[in-house]
Every structure is written in structure tokens, then in C-alpha cells.
Amino acid sequence: MGIHTLEDLANYFPFKHIDRSRIYYSHELTGDMPFVQLKGRILSFDEEGKGRKRRLIAHFSDDHGIVDLVWFNVQNWIQDTYKLGKEYIVFGKPNFYNGRFQISHPDIDDASALTLSTMGMQPFYSIPVKAAKRGVTSRMIERLTNTLFRQLSDRVPETLPEVIVRKQLLMSRDEAIRNMHYPANAEALSRASYRLKLEELFYIQLSILKFTADRQKAVHGIPCPRVGTMFMDFYHNQLPFTLTGAQQRVIKEMHADMKSGRQMNRLLQGDVGSGKTLVALLVMLLAIDNGLQACIMAPTEILAEQHLETFRNFLGDMPLRVELLTGMVKGKRRQTVLDGLASGEVNILVGTHAVIEDNVVFRNLGLVVIDEQHRFGVAQRARLWRKNVVPPHVLVMTATPIPRTLAMTLYGDLDVSIINELPPGRKPITTVHQYENRAVTLYQGIRQQISLGRQVYVVYPLIKESEKMDLQNLEDGYDMLCKTFPDLKISKVHGKMKAAEKDAEMQRFANGETNILVATTVIEVGVNVPNASVMVIQNAERFGLAQLHQLRGRVGRGAEQSYCILVTKFELSAETKKRIQIMTETNDGFEIAEADLKFRGPGDLEGTQQSGTAFELRVANLARDGQIVQQARDLAREVVENDPEHVVPQYSLCWSRLEQLGKDQQDWSSIS
Ligand code: ADP
Ligand code: MG
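Owing to the predicted nature of the structure, the values given are computational and were not obtained by experimental measurement. (Residues numbered from 1 in each chain as written. Chains lettered and ligands numbered in written order. Predicted model: local features only at pLDDT ≥ 70, side-chain atom pairs only at ≥ 80, totals over all residues. Heavy atoms only, no water.)

Draft legend 1. Focus on the overall build of the protein. Broken down by element type, the protein carries 22 helices and 22 strands. For the protein, the C-alpha atoms occupy an extent of roughly 95 × 75 × 45 Å along the three principal directions. When the 672 residues of the protein are sorted by exposure, 53% land in the buried category. For the protein, the proportion of contacts with a sequence separation of at least 24, taken over those separated by at least 6, is 73%. Approximately 32000 Å² of the protein is accessible, and the part contributed by carbon and sulfur atoms is 51%. (Helix = DSSP H or I, 4+ residues; strand = E, 2+ residues; numbered from the N terminus. Buried < 20%, exposed > 50% of the residue type's maximum accessible area, 1.4 Å probe, protein only. Contact = heavy atoms within 4.5 Å. Areas by Shrake-Rupley, 256 points an atom, 1.4 Å probe, with all protein chains shown as cover.)

Written as C-alpha cells, this is what we have:
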């Protein structure tokens, strides 16, 4: 259980408490009570049932009625331990069964040993399955912590500087830890947990800000003061539309970084379709105007190829060389690209993670854009810096917005720019929930949109039928659609196809040669076909909010009214219903991201799994404790600003503690 020392034990916090200060009478019981305790005597034992249903029953009376105590695996110790006629306090969850209240596997204490005064809030510890199988119970841990805190006369050492404890009116660490296990009352418990959460988040933020400060001290950026001909020519002659105010603002923010002499490390957040790609291109042109090369990294091959095409289209006949480098680019073609990079003839490189391999050498790399869906950790970002003598500027773009508190932790070392505006003329997408037995209506809708000249996506969770999962699949769906619409042209795209085949099908759809694109989530990111106006998502209940939002973002890119149809099976959990409801109620990616975080918790958010170890928060929860994250960040900033050289005595505890934590287990530098 990871408990080796008394300190480990003290830090093994209960997951809940139950108020044991009240004793109920049996006639007060109702069916929906959580846990109650009763005081009385066992009148007799009985065995009922046979074989695996065999159970031991103790008829228990508190002079107000009879309650049955039930054990499902009959063991000798029960009758040996509990004596008839002796007074006990029995604790558990009452269930009404066969005309009587039952408590299964109750906690039983000798009434004379347990007096009301010692029975306040009882801690409940979570016990890993393996330990539970060996007979470890919450009660056993309770006995240990009880003994520990009764015998521990020394105070648990303080781990936050006194200035912070005093200014924030925090409980001392000693008081907080004791109250986490045995709170004096509900308020003390909440103050204790607040103090420990704040501390935990504070040290995460301190390590991020220290990392950032160290980097700024050690690393200078490549100065990019010039706004030159490429940027200007593109801006005035190539741009097919005017930039939104938000796009202009974020470009200014980035230019300010790039000319400052510091290295830019910036996160660009913007909703699906807000025009991040174009911003990236303009910023790359700024780098090029200053005699530098730029590169953009996409999460998938398809997306990299699409970026290549987008850029080439946008740039028209401007004298710039844009090349692609992915795992698929091999042999001579690859060598040509590599040579062009080394000689400096390639101005913009578009690629996947393949571009950070060590054998990819640039002549003068000035800017790296990471267009990402999967989080790219601080450590990986650091690897990019070595691509040039002076590290390049780094721009990270998120695929969908992420909640602020999560951004502060995942990307806490980056400055943030936000595009909070969509290009004009976009009609909000209408999102509808439909049960899967309404296929006829669905087909009518598809038919109607196609007769208007639009195109349709249909997304499936699986490629082929699966015995394990009762889900719609792409192959059957494709056959079904071909039968239903014999006159229409239908493409299919999925991850098991050869890249060339996949591209050809995508291309046919993008050119308007096919009416319907049947696909798996390979089309989730980035793909841009403005004439497509319907997104049908089969088994929408299988997808997370961020993914649904990304998929939906594939439509609504043209001037026409677009639709997203979320098709689900009939039985849905309450949580899934809520998810679908959020999708039908809002198009706002920032709102959806917040909801997603609340639902699933940060550990489940797409892409954060790989960073699980760095996020083993013991007490804080990024989903629930957003406010505390902000406070922790403010506090940490204050410390870094007041004590940049780590010499101020009142903060010395911070720095030694941070070092200790770093040594202990967490590798904060790999937070991603
Ligand atoms: P995302 O932020 O999701 O990456 P994109 O960069 O793919 O969004 O942009 C979505 C679409 O909007 C593209 O077709 C792009 O050309 C277009 N677009 C970008 N900026 C503007 C603008 N200022 N006005 C009109 N259309 C724009
Ligand atoms: Mg994009």
C-alpha cells in the first residue's frame, strides 16, 4: 500500500468520513439512509440458504425493533467474537429486505469500549483490492492512525514558509494532517484539506515557474525585429479574407515575443475553426523575413499533408519552398528534403513528430509550431530547442480549447494567447440527438442536404463488426448507405487503409466528387471541406466531449447552415445523457472543455494519460479545485518574483522543499 514509514501512514488520507456522533433507533430507519449506527444486543444467530447463498444472520434488538445483521460468507470467527446479550454498537447501511431491515457485513464495536465522546467523524480509508483480499480493512488502518496520532507528541514539521501560512491564514501542516484523519468537525476537515491542496498545487506551480525563470535566465531568443516583404506581400496580396480582430491581436502578441530578444514559448488556444492555421502561417512568415526557417508539426500524417496543401495554396506563387517530412517520406525524396533543410533552401517544413528526430538538421531554424492534439511535454519541447544554437521560438496550438486550470498545469510554462472569435459569416451548427431506431428520418435529412448540393460525413466508432462491442461499424454502415442511396457516390476512409488510398478518398471528397464520406475518427482533426454541412456521429455515446466537439468542427466551415446529428442507442447513462445535452446546447469549445473536465477528471482527458505519473495528486483535484490552482499559481509567482535568486531567508523553506520533492519521486520537468 506504499506505507513504509510512519510519515507514509500519516499521509495516507481517508477518502471520506462518516459522522458517528449520533445513534439511531431501529424504528427510525428508512430505506434510503446511508450509514447509521444502532446500539443493542444480539438475540440469536441463524444460518439460512444453501451453498453459495448460505449466510449467517444475527437478530439484533435495540428495544425498539429487530434488525438482521447478515454475513454472506459464514465464518466461525463471527459467532466466536460476538456474544449473545452483550451490548454492541453496530454500524452499516440499512436495507429493507423481506419485511425487515438488514445490515450486511456491519462494523461492530463493544459498546463499553466506544463511548460517544470518542466517536466523532470516523475516517474511511480506501484499501487496494489486493490488500483487501489479504484481509486489510479500513478499520485496521484506522486503528494504526489512531494510535499514531495519540502517541505522536512531536509536531509534524511545517513545509510551507511561515509568511505564507500566516498570510493565507492556513492551518499548520501538523494540525492539517491530524484533522485530515480525525477532524474536530466538518469545518476543520475542510480547512485541513484546503491547506494540503494548496500546498500540493503550490509546489507544482513553483516548480513550473522556477523552470520557466531558469530558462529565461539561461536561454536567449533569436531576435526577429523585422516585418519584411514576405509577411507584407502575403498579408496584402495573398490573403483571401481579412483577419479577425482576435487573429490580429494574437499575431501582435507573438511578434512582440519574437522581437523582444527572449525566446517565445507561447500557447495558442482557439476553438475549432477559429483560424489557428493561418495565424501559424503568418508567424512563420515573420520568422522567414528575419532570415530563419520555420517548421510545423502536426499530430497525424493526414493533417500534415493537409497543412502542406493549405500552405502551398495560400502562398500561391510566392518564392518560398515548403516541404513535407513524415514517416512516409522515404529514400530519395527524403534526402532531397533533408538537403534542402541543411542548406537553408527549404523555408517551411511541415511534418509529424518525425521532424524532431536527431538526423533532421536545419540550417537556421527560428520557429517551431506544434499543432497538436496530443500533449507534447516540456521535455519534448526542450528537445526542439537543441535544433539550433540559439533555441527557436516555440508556438503550441491546441486542437480544442482546454480549461484554464488545466492549461496552467499542463502548459504552465507557456504564455497564453486566445482566439475568442470565429471568422465572420459562420452560422452556428445545429446539433440534434437522435436514437438509432430513427434511421429513416436520418436518411431523409441526408438526402435533403445532398439535393441542396452539400456533402455529408458519417462517422463510426469501429471499422469492422466486433464480437466484444455491440456498436455500429463502418463496413456495415457503408454497405447500408450504398443500398439506401444507390444513386450517390460514397467514399470511405479509415486507419487500416494504405496512406495513398486514404488520401485519394479524402481528396475525392474534398473535390466534391463523392457525396458522403464514411469514416472513423481519422477525420477528427483538422480536415477542411467547407461544402460539407452534415456530420453524423454513430454511437455518439462512445465518444468524449472533446472528441465530439472536434468531429463537429469538421462542418460549419462554409456559409451554409450545418448540422451535427448525434446518433445513440436507446439506453444511456445519466452522465452520457448530460454529455449529449451539452453538445446540443452549446457550440462553445471553452464551455465544453470546462464541462469535460468536470465530468471526466483530468486523468481521463485525452492526451493527459501519458503524463499520469506527474499528476498523481494526493489531495487536490484539477477538476474540482480550479480556484485553488489559481491561488497556488499567484502564491508561487509571488515567491519567484520576490526571491529570484533564492536567497531570501523567509522563502528558503520553499526551495529546499521543492528540491526534496523533486528528489523524492516526481519528475516535474516532464510534466506534459
Ligand atoms: P482551426 O483553428 O480549427 O485550425 P483553421 O485554421 O483550419 O481552424 O481555419 C478554419 C477555416 O477558416 C479555414 O478554411 C480557414 O481558411 C478559414 N479562415 C481562417 N481565418 C479566416 C478569416 N479571418 N476569415 C475567414 N475565414 C478564415
Ligand atoms: Mg487546426
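Draft legend 2. Spotlight on the sheet that holds strand β13 (residues 348-351). Taken together, the seven strands give an open sheet; going across it, the order is β12-β13-β11-β14-β15-β10-β16, and neighbouring strands pair in parallel fashion. Of all strands in the sheet, those with a lone pairing partner are β12 (322-325) and β16 (415-419), marking the two edges. Each strand of the sheet is rotated relative to its neighbour by a mean of 20°, with strand direction disregarded. The strands touched by helix α9 (residues 245-259) within the sheet are β10 (265-270), β15 (393-398) and β16, with β16 carrying the most contacts at an inclination of about 160°. Running at roughly 170° to strand β14 (residues 365-372), helix α10 (residues 276-289) makes contact with β10, β11 (293-297), β13, β14, β15 and β16 of the sheet. (Pairing = 2+ DSSP bridges. Axes fitted to C-alpha atoms, helices over the stretch in contact; angles between N-to-C directions.)

Draft legend 3. Summary view of the pairing of strand β9 (residues 121-124). Where burial is concerned, the two faces of β9 agree: the one with M121 and P123 and the one with Q122 and F124 are both buried. Strand direction decides the pairing type here: strand β1 (residues 16-19) and β9, joined by four bridges, are antiparallel. Along β9, the bridge assignment pairs H17 with P123.

Draft legend 4. View of the side chain of Q205. You can see Q205 is positioned in helix α7 (residues 186-218). Residue class for Q205 comes out buried when judged on its relative accessible area of 1%. Separated by 3.5 Å, the side chain of Q205 and the backbone oxygen of M408 make a polar contact. (Polar contact = N/O pair within 3.5 Å; in protein donor to acceptor, adjacent residues only side chain to side chain.)

Draft legend 5. Quick look at the side chain of D371. Here D371 lies in strand β14. At 6.4 Å, K276 is the nearest oppositely charged side chain to D371, a buried residue that forms no salt bridge. Here H307 takes part through its side chain, which lies 2.6 Å from a polar atom of the side chain of D371. The residues contacting D371, other than those within four sequence positions of it, are I296, M297, A298, P299, L303, H307 and M397. (Lys, Arg positive; Asp, Glu negative; His and termini not counted. Salt bridge = Lys/Arg side-chain N within 4 Å of Asp/Glu carboxyl O.)

Draft legend 6. Seen up close, the site of ligand 1. Close to ligand 1 lie 18 residues, the nearest being Q247, G273, T277, R426 and N528. With respect to ligand 1, the side chain of R426 contributes an N or O atom lying 2.7 Å from an oxygen atom. Notes on ligand 1: free accessible area 570 Å², of which the protein chains cover 84%. Among the residues making up the shell around ligand 1, the classes are represented as six nonpolar, eight polar and four charged. (Near = heavy atom within 4 Å. Nonpolar A, V, L, I, M, F, W, Y, C, P; charged D, E, K, R; others polar.)

Draft legend 7. View of unusual backbone geometry. Backbone geometry places N98, a non-glycine residue, at a positive phi of 55°. Mapped onto the elements, N98 comes out in the loop between β6 (94-97) and β7 (100-104). Of the residues examined, N98 reaches a relative accessible area of 70% and is grouped as exposed. Unlike most non-glycine residues, H646 shows phi in positive territory, near 60°. Mapped onto the secondary structure, H646 falls in the loop between α21 (626-642) and α22 (652-664).

Draft legend 8. Broad picture of the state of the cysteines. One pass over the structure, following the stated rule, counts zero disulfides. Free of any disulfide, C295 has its nearest neighbouring cysteine sulfur in C224, separated by 15 Å. (Disulfide = S-S within 2.5 Å.)

Draft legend 9. Structural detail: the pattern of salt bridges. The full count for this structure, using the stated rule, is 29 salt bridges. Between E199 and R173 there is a salt bridge, with its nearest N and O atoms 3.2 Å apart. In this pair, E199 is assigned in helix α7 and R173 in helix α6 (residues 173-181), connecting sequence segments 26 residues apart. R173 shares its class with E199; the two are buried. Across the pair R321 and E323 runs a salt bridge, and its minimum N-O distance is 2.9 Å. Exposure remark for R321: the relative accessible area of 24% places this residue in the partly exposed category. Since its relative accessible area comes to 17%, E323 is described here as buried. If you follow the salt bridges from partner to partner, you end up with E158, R173, R195, E199 and R657 in one network.

Draft legend 10. Layout of helix α16 (residues 474-484). Three or more residues of α16 are buried, namely L474, G477, Y478 and L481. Taken around the axis of α16, the buried residues stretch over an arc of 100°, which confines them to a single face. Residues of α16 that are buried sit in contact with α15 (439-451), β18 (455-459), β19 (490-493) and β20 (516-519). Two or three places before E475, at the start of α16, stands the capping residue N473, its side-chain oxygen 3.2 Å from that residue's backbone nitrogen. (Arc of directions from axis to C-beta.)

Draft legend 11. Structural detail: the sheet that holds strand β5 (residues 87-92). Judged by pairing direction, the sheet is mixed, and its seven strands sit side by side in the order β6-β7-β4-β3-β2-β5-β8 without closing on themselves. Strand pairing shows two members of the sheet lacking a second neighbour, β6 and β8 (107-110), which therefore form its edges. Within the sheet, the average angular offset between the axes of one strand and its neighbour, ignoring direction, is 45°. The pairing of strand β2 (residues 36-48) with β5 spans six bridges and is classified as antiparallel. Paired with G40 across the bridge in β5 is Y88.

Draft legend 12. Structural context of the packing of α9 against α10. Interaxial distance between α9 and α10 falls to 10 Å at its minimum, and their mutual angle equals 30°. Taken together, the axis directions place α9 and α10 in an arrangement best described as roughly parallel. Of the two elements, α9 crosses α10, and the hand of that crossing is right-handed. In this structure, α9 uses Q247, V250, I251, M254, H255 and M258 to contact α10, whose residues at the interface are L278, V279, L282, V283, L286 and A287. (Parallel < 35°, antiparallel > 145°, perpendicular 65-115°, else oblique. Left-handed = near helix turned anticlockwise from the far one by under 90°.)

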